[in-house]
Amino acid sequence: MSTPENQVPEMPSSTKLISTLAVVAMISGLLVVLVYEFTKPIIAENQRLATERAIFKVLPKAVSRLTFVVENDKLTPADDKTVGELVYAGYDKNDQLVGIALNAAAQGYQDTVKLLYGYQANSGCITGFDVLKSTETPGFGTKITTDPDFLANFKCLDAKVNPEQSGLIHAIKTVRHGTKQHAWEIDAISGSTITSNAIGRMLNKSGQALHPIITKNLSLLETAKIQSKNK
Amino acid sequence: MTQATKKETPLTLDVFTAGIWKENPVFVMMLGLCPVLAVTNSVLNSLAMGIASIFVLVCSNALVSALRNFIPKQVRITTYIIIIATFVTLVDYIIQAVSLDLYNKLGAFIQLIVVNCLILGRAEAYASKNSFTKSVVSALGMGLGFTLALVMLGGVRELLGAGQLLGYQVFSTQFEPWVVMILPPGGFIVLGSWLLLINYIQQRKTGQIIAADATAHCTVKP
């Protein structure tokens, strides 16, 4: 019979070892590239749909949207692949601006929580949000999307821009459950304080930075859809 | 000669069913427990993880078995890892193409299939020594056994932790969900309970056989 199992088998030449690995790596590379090329457009389409779904969720009246990117106090038309702070403007059937969707992110309990939120530039209200990414504790941090008391904060959360257009009149702040007094305060969920605080922080940060820019460029956003159609 | 005859054992139904019950990867062999505990907070996640694992297990075992006479012993682990990593990357792209929601829910655990010891273990212990057909059949059985175990855990955890099954409300809204069940400790509790139940059943089975044997011996004697 052949060699017993406990005996060390003869060492094959290095060429054989290298060629084996090369062949296997080539097969593997080929498979990965084939599937990557095949799924790439589908994944891109899925991502576009996911973004669109989130935008239309926070701006329920919108039927179409345009993407802009923030460049030193200016908004320039862009597409979803542009790197930078993206701003989505939603338009209704008659191409009228119905709201703006903005990204916000902050450290939550476990990892960064990312949101897309709807902003009405004319009334200065934040009117809702959609969670894009969250790994918060199920049953606690995840309540931000289900708790009716918490969602009531976002009927019209005050995020008005100050007259100097340098920030918000009132900083958005999360307060302890049951102590909300002003329209710019967020009533926290008891038991999910850290996630509630994260939402307040991220909306304040995004609001202070982006809402003045939006106010400055509001006329551009309002007319962009009609102009893009005329072109 | 004995070694040769061992290799030649025919393909039987046992090769397939071993992975489902007798050598169940989770409940008997206790392999790949990391994803078992981590992703089983709902039936859908469990099922997706199970299907992804079946795909990687079957494809990698097929390729390892097909190349088994070609791969030198010294580089076999490296080769297996490359093969497994390839199929995991494919699954990663495919799940993103099927559903981004699902992909976000499963998080890093899709990529971590690479280090699931069940898959490397089967490549090393079975596929590298058996014919192509047998390896594929065995991998399919093991994969189904793994999926079954994931779904058994996911079902209990989703039912108790959210009062739902596959997203449909089962219990009335009066039911207060046991949040602990969808948190990591719930994974340990439910896995422990299933192990207790399954070991109890198996022990009773063997107990009955021993008892039956004993009575048989007794009746033979005067």
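Please read these numbers as outputs of a predicted model, since none were measured by experiment. (Residues numbered from 1 in each chain as written. Chains lettered and ligands numbered in written order. Predicted model: local features only at pLDDT ≥ 70, side-chain atom pairs only at ≥ 80, totals over all residues.)

Trainee: Looking at this structure, I do not really get the overall build of chain A. What am I missing?
Mentor: Regarding its fold elements, chain A presents four helices and nine strands. Traced from its N-terminal end to its C-terminal end, chain A shows the element sequence α-β-β-β-β-β-β-α-β-β-β-α-α. By the compact-globule yardstick of 17 Å for 231 residues, chain A is too spread out, its C-alpha radius of gyration being 25 Å. Counting contacts in chain A only where the partners sit at least 6 residues apart, residues at least 24 apart contribute 56% of the total. (Helix = DSSP H or I, 4+ residues; strand = E, 2+ residues; numbered from the N terminus. Rg over C-alpha atoms; globule rule 2.2 N^0.38 Å. Contact = placed C-beta atoms within 7 Å.)

Trainee: Before we go on, may I ask you to explain the sheet that holds strand β4 (residues 97–107) of chain A in this structure?
Mentor: In a beta sheet, neighbouring strands pair by backbone hydrogen bonds and run either parallel or antiparallel. All names here are of chain A. What the seven strands build is an open sheet, ordered β2-β1-β3-β4-β5-β6-β7; its pairing is antiparallel. Two strands in the sheet have a free side with no partner beyond their single neighbour: β2 (74–78) and β7 (157–158). The pairing of β4 with strand β5 (residues 112–120) spans eight bridges and is classified as antiparallel. Each bridged residue has a counterpart across the sheet, and for Leu 102 the counterpart in β5 is Tyr 117. Against the sheet, helix α1 (residues 14–58) engages β1 (64–71), β3 (86–91), β4, β5 and β6 (125–133), with an angle of about 155 degrees to β6. (Pairing = 2+ DSSP bridges. Axes fitted to C-alpha atoms, helices over the stretch in contact; angles between N-to-C directions.)

Trainee: Is there a simple way to explain the confidence of the model for chain B in this structure?
Mentor: Residues and elements named next belong to chain B. Mean pLDDT for chain B: 84, with 93% of residues reaching 70 or above. No element of chain B has a lower mean pLDDT than helix α1 (residues 2–7), which averages 44, and none a higher one than helix α5 (residues 76–98), which averages 92. This complex was scored by the predictor with a pTM of 0.76 and an ipTM of 0.75. (pLDDT = per-residue confidence, 0-100.)

Trainee: Please explain the interface of chain B and chain A as it appears in this structure.
Mentor: Interface size is often expressed as the accessible area that is lost when the parts come together. The partner chain A presents 25 residues to the 26 residues of chain B that form the contact. Among the secondary structure elements, those contributing two or more residues to the side of chain B that touches chain A are α5 and α6 (100–106) of chain B. For the side of chain B that touches chain A, the leading source of residues is α5(B), giving eleven residues. When the residues that make up the side of chain B that touches chain A are grouped by side-chain class, the tally is 16 nonpolar, nine polar and one charged. (Nonpolar A, V, L, I, M, F, W, Y, C, P; charged D, E, K, R; others polar.)

Trainee: What is the right way to look at the packing of helix α7 (residues 117–127) of chain B against helix α8 (residues 132–162) of chain B in this model?
Mentor: Two packed helices can be described by the angle between their axes and the distance between those axes. Residues and elements named next belong to chain B. At their nearest, the axes of α7 and α8 sit 11 Å apart, and the two run at 150 degrees to each other. One way to sum up the angle between α7 and α8 is to call them roughly antiparallel. The crossing of α7 and α8 is right-handed. Residues Leu 118, Arg 122, Tyr 126 and Ala 127 of α7 lie in contact with α8, whose contacting residues are Ser 135, Ser 138, Ala 139, Met 142 and Phe 146. Looking at side-chain class alone, the contact of α7 with α8 contains six nonpolar, two polar and one charged residues. (Parallel < 35°, antiparallel > 145°, perpendicular 65-115°, else oblique. Left-handed = near helix turned anticlockwise from the far one by under 90°.)

Trainee: Please clarify how the packing of helix α4 (residues 43–66) of chain B against α5(B) should be interpreted in this entry.
Mentor: Residues and elements named next belong to chain B. Packing of α4 against α5 brings their axes to within 9 Å, and their N-to-C directions diverge by 145 degrees. When you trace α4 past α5, the crossing you get is right-handed. Mapping the contact onto sequence places Ala 52, Phe 55, Val 56, Cys 59, Ser 60, Leu 63 and Val 64 in α4 and Tyr 80, Ile 83, Ile 84, Phe 87, Val 88, Val 91 and Ile 95 in α5.

Trainee: Is there a simple way to think about the environment of Gly141(B) in this case?
Mentor: All names here are of chain B. Tracing the sequence through the fold places Gly 141 in helix α8. Classification of Gly 141 by C-beta neighbours within 10 Å gives buried; the count is 24. Considering only alpha carbons, one finds Gly 141 and Leu 106, 35 residues apart in sequence, at a separation of 23 Å. Setting aside chain neighbours within four positions, we find Gly 141 in contact with Val 15, Phe 16, Thr 17, Ala 18, Gly 19 and Ile 20. (Buried ≥ 20, exposed ≤ 12 C-beta atoms within 10 Å, placed from the backbone.)

Trainee: Would you mind showing me how to read the confidence of the model for chain A here?
Mentor: Low pLDDT means the predicted coordinates in that region are not meant to be read closely. Averaged over every residue, the pLDDT of chain A is 84; residues scoring 70 or more account for 95%. Averaged over each element, pLDDT in chain A is lowest for helix α4 (residues 218–230) of chain A (80) and highest for α1(A) (90).

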